[in-house]
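Okay, here's what each chain looks like letter by letter:
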Amino acid sequence: MTTRIQDAGSARDERRVVGNVLRGSIGNLVEWYDWYAYSAFTVYFAKAFFPGGDATAQFLNTAAVFAVGFLMRPLGGWLLGRFADRYGRRSALVLSVSMMACGSLLIAVTPAYSAIGIAAPILLVFSRLLQGLSVGGEYSTSATYLSEVATPGKRGFYSSFQYVTLVGGQLLALGLQLILQSVLTDKQMGDWGWRIAFVVGALAAVIVMALRRSMDESESYQRVTENAETGKGERGTLRQLVKYPREILLVVGLTLGGTVAFYTYATYTQKFLENTAHIPRRTVTVIMFLALLVFAILQPLAGKLSDKIGRRKLLMFFGIAGTLLTVPIMTLMARTSQPFLAFLLLLGALVIVTGYTSINAIVKAELFPTRIRAIGVGLPYALTVAIFGGTAELIAQALKKAGHESLFFWYVAGCVLVSLIVYATMRETSRSSALERGED
């Protein structure tokens, strides 16, 4: 009888975990849909905000705005990470999605350059700054929340859903793009069709605000708030964070190669296949959608594997394969005009990147105690992504315009090599973390 009661209680606890993970993940999905809609629809709205120059010049301008959005991510990681550590994960997640809704709505309603002149790109930049602030806080807070509410021994599996929904957001953006491409002409897409994507994102974000308000706060955070020895002033502060210099440097090293590789294959490839391999735009959209769909499916499988064999082995796989195969993969991708071969090459690259994306959030969360976990994950991560991930496409477009596009392939491989050195020297985190020891 006692065993049945315990089993029933465990089942209820597991369902509660799944419910919290789903509600947190849906919000993450919408946040990243809004973020990636910009990249997916760049090919249509670039001329609306930057009417002069050829296609490469327009893409370069919009890539620069994309990079500017990343500059706000460290600020978002700090501000919302501090907010999450002081006032709760749930409240921070509601706040981040609210800011994303405002940014998407502003992009949707901003008139073109032909109507309001220089004010158009200025408003575009402001919108991306707001979205960058939101995403900077979303990553750290959702990574922290998912790791804290997950069942012990299954943290890799549950935390992997952060990238499932991150990629899912991009898939939604590409899926909507495919639908709009099938019902609208290229002229209609360029004139007004692209605005639909941002209206959808803003409305979805408002719905998510309500869903996130019903999430449970994590027990780890609740224990910290109940601890009389750990006052609010000691939570989420830079003064506390700097006591963990090794962990901060580890987050930077863990992130560098992974973020460059991810943004190269998950966002820049759409322009790369169209502008360099000269594959038709709609075909490229299909290639991206299918490859990213498989990539999303791989995340929980790899996360579950990390619960069994440890996180470090997956990171080593990414580091070694990424260092050795990046240049060959991108060189072949640049030279092929065959859609199926381009798909296989992109999928191969994303399989390699899975070694990083599936577990990067939980590895970073396992480095810090609860009282500074959100800011500890968010700030160094966001700084690294802003400097390297956010500029990946900008560097690629600039090198292409200068006639040295192949140098970018070596740049990506070099960044992965730096992270490989970190992976080779770090210790396993899955069984030695504060999360598993129950330390707050």
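As the structure is a computational prediction, the values presented were derived from the model and not from experiment.

Rules behind the numbers
- Residues numbered from 1 in each chain as written.
- Predicted model: local features only at pLDDT ≥ 70, side-chain atom pairs only at ≥ 80, totals over all residues.
- Heavy atoms only, no water.
- Helix = DSSP H or I, 4+ residues; strand = E, 2+ residues; numbered from the N terminus.
- Buried < 20%, exposed > 50% of the residue type's maximum accessible area, 1.4 Å probe, protein only.
- Contact = heavy atoms within 4.5 Å.
- Areas by Shrake-Rupley, 256 points an atom, 1.4 Å probe, with all protein chains shown as cover.
- Core = buried A, V, L, I, M, F, W, Y, C linked by side-chain atoms within 4.5 Å.
- Salt bridge = Lys/Arg side-chain N within 4 Å of Asp/Glu carboxyl O.
- Axes fitted to C-alpha atoms, helices over the stretch in contact; angles between N-to-C directions.
- Parallel < 35°, antiparallel > 145°, perpendicular 65-115°, else oblique.
- Nonpolar A, V, L, I, M, F, W, Y, C, P; charged D, E, K, R; others polar.
- Expected span 1.5 Å × (residues − 1).
- Arc of directions from axis to C-beta.
- Polar contact = N/O pair within 3.5 Å; in protein donor to acceptor, adjacent residues only side chain to side chain.
- Phe/Tyr/Trp six-rings, centres within 6.5 Å; stacked < 30°, edge-to-face > 60°.
- Left-handed = near helix turned anticlockwise from the far one by under 90°.
- Patch = residues over 30% accessible without salt bridge, like charges linked within 9 Å, V, L, I, M, F, W, Y side chains within 5 Å.
- pLDDT = per-residue confidence, 0-100.

Chemist: I'd like to hear about the overall build of the chain, residue by residue, with values.
Modeler: When helices and strands are tallied, the chain shows 21 helices and 0 strands. Across the 440 residues of the chain, 60% fall into the buried class. For the chain, the proportion of contacts with a sequence separation of at least 24, taken over those separated by at least 6, is 86%. Carbon and sulfur atoms provide 67% of the accessible area of the chain, an area that totals close to 16,700 Å².

Chemist: Provide a residue-level description of the nonpolar core, including the pertinent values.
Modeler: Of all hydrophobic cores here, the largest spans 107 residues; its most connected members are Phe41, Val167, Trp194, Phe262, Tyr265 and Leu292. Here the element with the most residues in this core is helix H13 (residues 245-275); it accounts for 13 residues. Each residue touching Trp194, except ones within four places of it in the same chain, is listed here: Phe41, Tyr44, Phe45, Ala48, Phe49, Ile107 and Met189. Leu146, Ala150, Tyr158 and Met215 belong to the second-largest nonpolar core, a separate cluster that totals 9 residues.

Chemist: Now, about the pattern of salt bridges: what can you tell me, with residues and values included?
Modeler: As a working rule, side chains carrying opposite charge can pair if their charged atoms are close by. Overall, the coordinates contain 10 salt bridges when judged by the stated rule. A salt bridge links Arg373 to Glu148; the shortest N-O distance between them is 2.8 Å. Taken as a pair, Arg373 in helix H18 (residues 373-389) and Glu148 in helix H6 (residues 119-149) lie far apart in primary sequence, 225 residues in all. Across this residue pair, the class does not change: Arg373 and Glu148 are buried. When the shortest N-O distance is used, the salt bridge between Glu274 and Arg281 registers 3.0 Å. In this structure Arg281 comes out as partly exposed when scored by relative accessible area, which is 26%. Three or more residues are tied together by salt bridges with common partners; here these are Asp85, Arg89, Glu148 and Arg373.

Chemist: Residues and numbers for the packing of helix H15 (residues 311-335) against helix H20 (residues 406-425), please.
Modeler: Look at H15 against H20: their axes get within 8 Å of each other, and the N-to-C directions meet at 170°. Comparing their axes, H20 and H15 come out roughly antiparallel. For the contact of H15 with H20, a count of residues per class yields 17 nonpolar, 5 polar and 1 charged.

Chemist: Describe unusual backbone geometry, naming the residues involved and giving the relevant values.
Modeler: Its identity is not glycine, yet His278 carries a phi of approximately 60°, on the positive side. We classify His278 as exposed; its relative accessible area is 61%.

Chemist: Describe helix H10 (residues 195-212), naming the residues involved and giving the relevant values.
Modeler: Compared with an ideal rise of 1.5 Å per residue, which puts 18 residues at 26 Å, H10 spans 26 Å between its outermost C-alpha atoms and is within 8% of the ideal. Every buried residue of H10 is accounted for by Arg195, Ala197, Phe198, Gly201, Ala202, Ala205, Val208 and Arg212. The buried residues of H10 occupy an angular sector of 150° when projected down its axis, which confines them to one face. Facing away from the buried side of H10 by over 90 degrees, the exposed positions are Leu203, Ile207 and Ala210.

Chemist: Run through the side chain of Asp307, naming residues and quoting values.
Modeler: With respect to the helices, strands and loops of the structure, Asp307 is situated in helix H14 (residues 281-309). The class of Asp307 is buried, set by a relative accessible area of 19%. Here the side chain of Asp307 touches Arg311 through a polar contact of 2.9 Å, side chain to side chain.

Chemist: Run through the environment of Val17, naming residues and quoting values.
Modeler: Mapped onto the fold, Val17 is located in helix H1 (residues 2-40). By relative accessible area, Val17 is classed as buried at 12%. Counting along the chain gives 133 residues from Val17 to Ala150, while the straight-line C-alpha distance between them is 6.2 Å. The contact partners of Val17, leaving out residues within four places of it in the chain, are Val149, Ala150, Thr151 and Tyr158.

Chemist: So what's going on with the environment of Leu367? Which residues, and what values?
Modeler: Within the fold, Leu367 resides in the loop between helix H17 (360-365) and H18. Measuring from C-alpha to C-alpha, the distance between Leu367 and Val251 comes to 8.6 Å, with 116 residues separating the pair along the chain. In this view, Leu367 contacts Glu247, Leu250, Val251, Leu254 and Thr429; residues no more than four positions away in its chain are not counted.

Chemist: Provide a residue-level description of the packing of aromatic side chains, including the pertinent values.
Modeler: Scanning the entire structure with this criterion turns up 22 aromatic pairs. Ring geometry for Phe318 against Tyr356: centres 5.9 Å apart, planes inclined by 40°, an arrangement best described as tilted. On the criterion of sequence distance, the pair formed by Phe318 in helix H15 and Tyr356 in helix H16 (residues 339-357) is long-range, its members being 38 residues apart. Owing to a relative accessible area of 1%, Tyr356 belongs among the buried residues under this scheme. Three or more aromatic residues link up through ring pairs in this structure, and these residues are Trp32, Tyr36, Tyr163, Phe262, Tyr263 and Phe295.

Chemist: Lay out the packing of H13 against helix H19 (residues 392-401) with the relevant residues and their values.
Modeler: Axes are the key here: two packed helices are described by the angle between their axes and the distance separating the axes. Look at H13 against H19: their axes get within 9 Å of each other, and the N-to-C directions meet at 40°. By the criterion of interaxial angle, the relationship of H13 to H19 is oblique. Crossing handedness for the pair H13 and H19: right-handed. In contact with Val260, Thr264, Thr267, Tyr268, Lys271 and Asn275 of H13, H19 contributes Ala392, Glu393, Ala396, Gln397 and Lys400. Looking at the contact of H13 with H19 residue by residue, the classes come out as 4 nonpolar, 4 polar and 3 charged.

Chemist: Any details on a nonpolar patch on the surface? Residues and values, ideally.
Modeler: Residues Leu75, Trp78, Leu79 and Leu238 make up a contiguous nonpolar surface patch of roughly 310 Å² in combined accessible area. Top element by residues in the nonpolar patch is helix H3 (residues 55-87). It accounts for 3 residues. By secondary structure assignment, the location of Leu75 is in helix H3.

Chemist: Help me get a handle on the confidence of the model for the chain, residues and values and all.
Modeler: The pLDDT averaged across the chain works out to 84; a share of 89% of its residues lies at or above 70. Low confidence marks residues 1-9, where pLDDT is under 50. Its contacts with residues over four positions away, or in another chain, come to 0 contacts.

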